[in-house]
Amino acid sequence: MVTINKNYLKLPGSYLFSTIAKKVETYQTAHPEEKIVRLGIGDVTQPLAPAIIGALHKAVDEMSHAETFRGYAPDLGYEFLRSAIAKNDYRDRGCQIEADEIFVSDGAKSDSGNIQEIFGTDNKVAVCDPVYPVYVDTNVMAGRTGEYNKERENFDGVIYMPCLEANGFLPELPAETPDLIYLCFPNNPSGAAITKERLQEWVDYANKTGAVIIYDAAYEAYITEEGVPHSIYECQGARTCAIELRSFSKNAGFTGVRLGFAVVPKELVRDGVSLHDLWARRHGTKFNGAPYIVQKAGEAVYSAEGKAQLKEQVSYYMRNAHYIYHGLKDAGYSVSGGVNAPYIWLKTPQGMTSWEFFDHLLETAHVVGTPGSGFGAHGEGYFRLTAFGSFENTQEAIRRIQAL
Ligand code: MLT
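None of the values given here were measured: they were computed from a predicted structure.

Asker: Run through the pairing of strand β17 (residues 382-386), naming residues and quoting values.
Answerer: Burial of β17 is extensive: 5 of the 5 residues sit out of reach of the surface. Neither face of β17 is left uncovered, since the one carrying Tyr382, Arg384 and Thr386 and the one carrying Phe383 and Leu385 both have all their residues buried. In the sheet, strand β14 (residues 343-347) pairs with β17 via 5 bridges, with the strands oriented antiparallel. The residue bridging Trp345 from the neighbouring strand is Arg384, located in β17.

Asker: Could you give me a rundown of the site of the ligand, with the residues and numbers involved?
Answerer: In the region of the ligand, the neighbouring residues are Phe17, Ile41, Gly42, Lys109, Tyr132, Asn188, Tyr219, Lys250, Tyr343 and Arg384. Contacts to the ligand include Asn188, whose side-chain N or O atom sits 2.8 Å from an oxygen atom. Lys250 has a polar side-chain atom sitting 3.0 Å from an oxygen atom of the ligand. Burial of the ligand by the protein amounts to 85% of the accessible area it has alone, namely 270 Å². Looking at the shell around the ligand residue by residue, the class counts come to 5 nonpolar, 2 polar and 3 charged. Each of domain 1 (8-46 + 307-402) and domain 2 (53-304) gives at least three residues to the shell around the ligand.

Asker: For the domain arrangement of the protein, give the residues involved together with the corresponding values.
Answerer: A common way to express how large an interface is: the accessible area buried when the components associate. By the assigned domains, the protein splits into domain 1 (8-46 + 307-402) and domain 2 (53-304). Taken over C-alpha atoms, the centre of domain 1 sits 24 Å from the centre of domain 2. In this complex, domain 1 contributes 37 residues to the contact, which on the side of domain 2 involves 45 residues. Counting the surface lost from both domain 1 and domain 2, the interface buries some 3,400 Å², and carbon and sulfur atoms represent 60% of this. Linking Lys347 and Glu165 is a salt bridge whose minimum nitrogen-to-oxygen distance equals 2.5 Å. Applying the counting rule to domain 1 against domain 2 returns 15 residue pairs in polar contact (both at pLDDT 80 or more). Contributing elements (two or more residues each) for the side of domain 1 that touches domain 2: α10 (304-330), β13 (335-337), β14 and β17. A per-element tally of the side of domain 1 that touches domain 2 places α10 first, with 7 residues. When grouped by side-chain class, the residues that make up the side of domain 1 that touches domain 2 number 20 nonpolar, 12 polar and 5 charged.

How each quantity is defined
Residues numbered from 1 in each chain as written. Predicted model: local features only at pLDDT ≥ 70, side-chain atom pairs only at ≥ 80, totals over all residues. Heavy atoms only, no water. Buried < 20%, exposed > 50% of the residue type's maximum accessible area, 1.4 Å probe, protein only. Helix = DSSP H or I, 4+ residues; strand = E, 2+ residues; numbered from the N terminus. Pairing = 2+ DSSP bridges. Near = heavy atom within 4 Å. Polar contact = N/O pair within 3.5 Å; in protein donor to acceptor, adjacent residues only side chain to side chain. Areas by Shrake-Rupley, 256 points an atom, 1.4 Å probe, with all protein chains shown as cover. Nonpolar A, V, L, I, M, F, W, Y, C, P; charged D, E, K, R; others polar. Domains from an automatic or database assignment. Contact = heavy atoms within 4.5 Å. Buried area = accessible area lost by both parts, 1.4 Å probe. Salt bridge = Lys/Arg side-chain N within 4 Å of Asp/Glu carboxyl O.

Here's what the structure looks like:
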């Protein structure tokens, strides 16, 4: 008789953004006349930059000629892209990362969900709370988290590191020693950024305890302040304790194109085994490489025109972030984030729960955001708005919220 992976049954409800999409769809169907402004999921809205479109067209044309046609991509990524990443994202920032330590993928969501596969199921996982749900859910599926605790609204076997106003929304070293530590900076959902000194403490801690840090840097392009690291490899000793995940979704608008990468340094060894080799084995077996045309588009991100155009795109979204932050502050909300990240994190007003505020906002202002409690128990009483809308929609959303 077929049995199923019963760990899946421990997951409460559906994936956060699927739940929200369903709720919004139901509301829109019942109220077709309302113009809903969507600042919920962190999905980009600006078209791909001209340099990227140009590279895509060129690559598509190459596919139409026998001499330049490409079949399967190398499973770890084309050399041209891995070299561009190693140079621009790492060596130019003083980080010693080589092209063959980069594994090109179809995005950071897949990597952040898949990376746990190379670790034993007896590893103890630590996450920030609130947290991007993929880190927890994929560890639940793998059987690494114990049971769901309805009272505490989290999993018994996970170490949660509360990120609250009192600690500047930054995690503190946990009392119990974890094996795997998921960190995301600039942070999704809170928009908080970590300084290099604070991140160095985590690197030192991981090297001391033997833990591995899974560092999600998907939002690094949004950093505006000095002293905030773009990569964990800016910290001394990170090569022996950290895997970094990056995305082309937020810095280059690839949410619908799909491209990302993981960095696994060769010095990273646990249990006597190279994690680089393990991840290469997993990647080679389960992935046939991101499409050639998409990797060509990724290469264009690092061209001079690409860099200039994407800087403008990021500034466009950050103008929204600034607008939301100050618009909410003027309306009396307690707000954070939005300075080094495209997310604004606000306290729900009048003691409303996160979902109550979600419904209130949808029904009265026709604005969609993301309830903080969807990211974890310590997100209760908070709410996330994204800066990824158009400027006009962002202005409209803030006008409506101010009028509540
Ligand atoms: C979010 O809204 O948190 C992100 O868009 C999710 C993602 O990048 O997968």
